[in-house]
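# Coordinate inspection notes
Spelled out from the first residue to the last, the chains are:
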Amino acid sequence: MAKFTWHTRAVPKGLPVRQVYGFLFAPDGRVLIRVDGAKHSLPGGRPEPGESAYVDILRRETYEEVTLDIAEPHYLGYQCVDDGFAPYAQVRMVAEISGVHPPEPDPDNGRTYLRLLVHPGKAGDLLNWGETGHQQASAAANAAIGVLGLPHEGLPESGYL
């Protein structure tokens, strides 16, 4: 069984990054959750050959999956996944949504995802990633306030974008 740990420092040299996901915030302070049937996730994905800059990976994956533009992403931390064979990192970033386009199918799989905006306090439960998921969502909510300068009180109700 894999072990997951959350870290807010840089990814150590030699630990491969297999995923870059983003906590993307609307200007009103709500966070975007990508919905695929009953599964909730964040926009993001794997680096493609030749890609190494986390911001570039997140921008590409965000547009491909949920057809959104984002302002400058900020590094949040990484989740270390130790599967007992070869540990790897899953990077998390935070950014503000800067542009919304009509939904389109993801070029990787043809699915069109729903885009749900929720109060940041609900993200950990919806993602269903256990304790490390709640730690990540909490760090993202704090960064949305402290780094992005977004509101944290009086947020609108959840709704689809």
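Here goes a summary of the coordinates provided. (Residues numbered from 1 in each chain as written. Predicted model: local features only at pLDDT ≥ 70, side-chain atom pairs only at ≥ 80, totals over all residues. Heavy atoms only, no water.)

Moving on, we come to the overall build of the chain. Scanning the chain from terminus to terminus reveals three helices and ten strands. Listing every helix and strand of the chain by position from the N terminus yields β-β-β-β-β-α-β-β-β-β-α-α-β. Against the globule reference of 15 Å for 161 residues, the chain gives a C-alpha radius of gyration of 15 Å, in line with a compact fold. Its C-alpha atoms give the chain principal-axis dimensions of roughly 45 × 35 × 30 Å. A buried classification covers 47% of the 161 residues belonging to the chain. Here the analysis covers contacts within the chain between residues at least 6 apart in sequence; of these, 69% occur between residues at least 24 apart. (Helix = DSSP H or I, 4+ residues; strand = E, 2+ residues; numbered from the N terminus. Rg over C-alpha atoms; globule rule 2.2 N^0.38 Å. Buried < 20%, exposed > 50% of the residue type's maximum accessible area, 1.4 Å probe, protein only. Contact = heavy atoms within 4.5 Å.)

A word on the environment of Gly 124. Tracing the backbone shows Gly 124 in helix H2 (residues 120-127). A relative accessible area of 3% places Gly 124 in the buried class. Considering only alpha carbons, one finds Gly 124 and Gln 135, eleven residues apart in sequence, at a separation of 7.9 Å.

Take the packing of aromatic side chains next. Within this structure, the stated rule accounts for two aromatic pairs. On the numbers, 6.2 Å between centres and 35° between planes, the contact of Tyr 21 with Trp 129 is tilted. Residue Tyr 21 is located in strand S2 (residues 17-25), and its partner Trp 129 is located in the loop between H2 and helix H3 (130-146); the two are separated by 108 residues in the primary sequence. Residue classification places Trp 129 among the partly exposed residues on the basis of a relative accessible area of 24%. Summarising the aromatic geometry, the rings of Tyr 54 and Tyr 75 are spaced 6.1 Å apart at their centres and angled 25° between planes, so their arrangement reads as stacked. Of this pair, Tyr 54 sits in helix H1 (residues 54-66) while Tyr 75 sits in strand S7 (residues 74-82), placing them 21 residues apart in sequence. Accessibility expressed as a relative area gives 24% for Tyr 54, which makes it partly exposed. It is Arg 18 that lies over the ring of Tyr 88; its NZ or CZ is 4.2 Å from the centre. (Phe/Tyr/Trp six-rings, centres within 6.5 Å; stacked < 30°, edge-to-face > 60°. Lys NZ or Arg CZ within 6 Å of the ring centre and 35° of its normal.)

Among the six residues of strand S3 (residues 31-36), five are classified as buried, and the element is accordingly described as predominantly covered. Summarising the sheet, S3 and strand S9 (residues 114-118) pair through five bridges and their orientation is antiparallel. Bridge pairing in S9 places Val 35 opposite Leu 114. Judged from the three bridges that link them, S3 and strand S4 (residues 39-41) form a sheet pairing that is antiparallel. Across the sheet, Val 35 pairs through a bridge with His 40, a residue of S4. Adjacent in sequence and paired antiparallel, S3 and S4 are bridged by two residues, among which Gly 37 carries a positive phi angle near 65°. (Pairing = 2+ DSSP bridges.)

One finds Phe 23, Phe 25, Ile 33, Leu 76 and Val 94 to be the most contacted residues of the largest nonpolar core, which totals 21 residues. Going through the elements one at a time, S2, S3, S9, H2 and H3 are the ones with two or more residues in this core. Tallying contributions element by element places H3 first for this core, with five residues. With sequence-adjacent residues up to four places away left out, Phe 25 is seen in contact with Arg 30, Val 31, Val 94, Ala 95, Glu 96, Ile 97, Pro 120, Ala 140, Ala 141, Ala 144, Leu 148 and Leu 150. (Core = buried A, V, L, I, M, F, W, Y, C linked by side-chain atoms within 4.5 Å.)

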